[in-house]
Amino acid sequence: MTGPLGRGLVEAAFLAVATTALLAIGRRDGGSARARAARPVAAGGAAVSLVLAVLTAAAAAALVLVLGPGGGSSGTASASLLRAELPGELMTRAPWPANVARLRARLDALGLPALGREGTALHTHQHLEVFVHGRRVVVPAGIGIDAAARFISPIHTHDASGIVHVESPKVRTFTLGQVFGVWGVRLTRTCLGGYCARGRDELAVYADGRPVTGDPRVLPLAPHAEIVVAYGTRRELPRPLPSAYAFPAGL
């Protein structure tokens, strides 16, 4: 779980575990002020070490309480994001169509449902901009929507503005890798579609104007995030680099 809710739960769990542990220490070390004053100064250092150990354990326990023993809620989906290839995945040069061919198979591989209608438990929006050698690539309408088969992915697009809609029947974390997985366009640490890092050409990803380190596929989709995926040389990056997007009223 990520975002403000996840952080709040971690903080609450941390405080609860830490408070309980420190109260236990207080009871163990209870006694008269005279008895405590008679203890060697070295005992103070031991107490500090004990407190630090308790706080460290509390932090770990808080994460387990919130995230579970596996450290997350979608281990299967995360593993599928990092697989070599998804059904019907495009490894061609831009531009790329909405690519609904084999959409249902990709959703199964990603651990996402094929919905009869848009979910309402979670409704967020992000803006995605894609560049290849300095030229903007259209993020097409209809990603994640199979009108013929009458189903829709929780992640989809309604127009070619680059706005990504997340409309899920369950509150969960969605990622950039799932956006490209639903779209059916290859995205790895070094490749975008038919373009892979070579020489001075590289894949760069930015969220709200800040570079994304590590694997971009696991980047969580924060509400109203401005995400830039760019392939090419550093000189070909858009200037200024988009760091925010003016979403229409109501989104």
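Just above, that's the structure.
Cut-offs used in this document
- Residues numbered from 1 in each chain as written.
- Predicted model: local features only at pLDDT ≥ 70, side-chain atom pairs only at ≥ 80, totals over all residues.
- Heavy atoms only, no water.
- Core = buried A, V, L, I, M, F, W, Y, C linked by side-chain atoms within 4.5 Å.
- Buried < 20%, exposed > 50% of the residue type's maximum accessible area, 1.4 Å probe, protein only.
- Helix = DSSP H or I, 4+ residues; strand = E, 2+ residues; numbered from the N terminus.
- Contact = heavy atoms within 4.5 Å.
- Salt bridge = Lys/Arg side-chain N within 4 Å of Asp/Glu carboxyl O.
- Polar contact = N/O pair within 3.5 Å; in protein donor to acceptor, adjacent residues only side chain to side chain.
- Pairing = 2+ DSSP bridges.

(A) Here's a closer look at the nonpolar core. In terms of nonpolar packing, the biggest core is built from 39 residues, with Trp96, Leu128, Val130, Leu176, Phe180, Leu192 and Val229 touching the most fellow members. Residue contributions to this core peak at 5 residues, all from helix α6 (residues 176-183). Residues in contact with Leu176, not counting those within four places in the same chain, are Leu128, Leu187, Val205, Pro216, Arg217, Leu219, Leu221, Ile227 and Val229. Within the second largest apolar cluster, 6 residues are counted, among which are Phe131, Tyr206, Val228 and Ala230.

(B) Representation of α6. In terms of residue burial, α6 counts as a mostly covered element, since 8 of its 8 residues are buried. The set of residues buried in α6 consists of Leu176, Gly177, Gln178, Val179, Phe180, Gly181, Val182 and Trp183. In the stretch just after α6, Gly184 is the one whose phi turns positive, near 80 degrees.

(C) Expanded view of the pattern of salt bridges. Inspection of every chain in the model, using the stated rule, returns 4 salt bridges. The partner of Arg189 in a salt bridge is Asp215, and the shortest N-O contact between them spans 3.8 Å. A residue pair is termed long-range when its members are at least 10 positions apart, and Arg189 in the loop between α6 and β7 (191-192) and Asp215 in the loop between β10 (210-211) and β11 (226-232) qualify at 26 residues. With relative accessibility at 11%, the residue Asp215 sits in the buried group. Put simply, Arg217 and Asp215 hold a salt bridge, and the shortest N to O gap is 2.6 Å. Judged on exposure class, the residue Arg217 and its partner Asp215 are both buried. Salt bridges here are not isolated pairs; linked through shared partners, they connect Arg189, Asp215 and Arg217.

(D) Seen up close, the side chain of His127. Within the element layout of this structure, His127 appears in strand β1 (residues 122-132). Separated by 2.8 Å, the side chains of His127 and Glu226 make a polar contact. When near neighbours in sequence (up to four residues on either side) are disregarded, His127 contacts Ser161, Gly162, Ile163, Ala225, Glu226, Ile227, Tyr245 and Phe247.

(E) Focus on the pairing of strand β9 (residues 202-207). Extensive coverage of β9 is indicated by the burial of 5 of its 6 residues. Judged from the 6 bridges that link them, β9 and β11 form a sheet pairing that is antiparallel. Within β11, the position partnered with Tyr206 by the bridge is Val228. Here β9 pairs with β10 via 2 bridges, running antiparallel. Paired with Tyr206 across the two strands is Pro211, which belongs to β10.

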